[in-house]
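Commentary on secondary and tertiary structure
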Amino acid sequence: MNGTLQCDSCVNYVYNEELEEYECLVNLDEDEFYSLLSDKHRACPYYRLDDEYGVVRKQM
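Cut-offs applied
Residues numbered from 1 in each chain as written. Predicted model: local features only at pLDDT ≥ 70, side-chain atom pairs only at ≥ 80, totals over all residues. Heavy atoms only, no water. Helix = DSSP H or I, 4+ residues; strand = E, 2+ residues; numbered from the N terminus. Buried < 20%, exposed > 50% of the residue type's maximum accessible area, 1.4 Å probe, protein only. Polar contact = N/O pair within 3.5 Å; in protein donor to acceptor, adjacent residues only side chain to side chain. Contact = heavy atoms within 4.5 Å.

What follows covers the side chain of Asn12. Tracing the backbone through its elements, the reader meets Asn12 in the segment before β1 (13–16). We classify Asn12 as buried; its relative accessible area is 15%. Reaching out from Asn12, the side chain makes a polar contact with the backbone oxygen of Tyr46 at a distance of 2.8 Å. Residues in contact with Asn12, not counting those within four places in the same chain, are Glu23, Cys24, Leu25, Val26 and Tyr46.

So, in structure tokens, the structure goes:
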């Protein structure tokens, strides 16, 4: 990550079929959310690459 939010490739960013939109599964309080959005140079501490082949590589 280059210090900006890249939610599209994060495992915590999932599609909610009821709302028909993507949402983050990380439960942030109001202060954490504001801090994360207001600091453009800080990477998200909850970001995890959605690597669907990672499990397969570990099994080999």
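Next up on the list: unusual backbone geometry. Positive phi is not limited to glycine here, since Glu20 has a value of about 55°. Classification of Glu20 as exposed rests on a relative accessible area of 61%.

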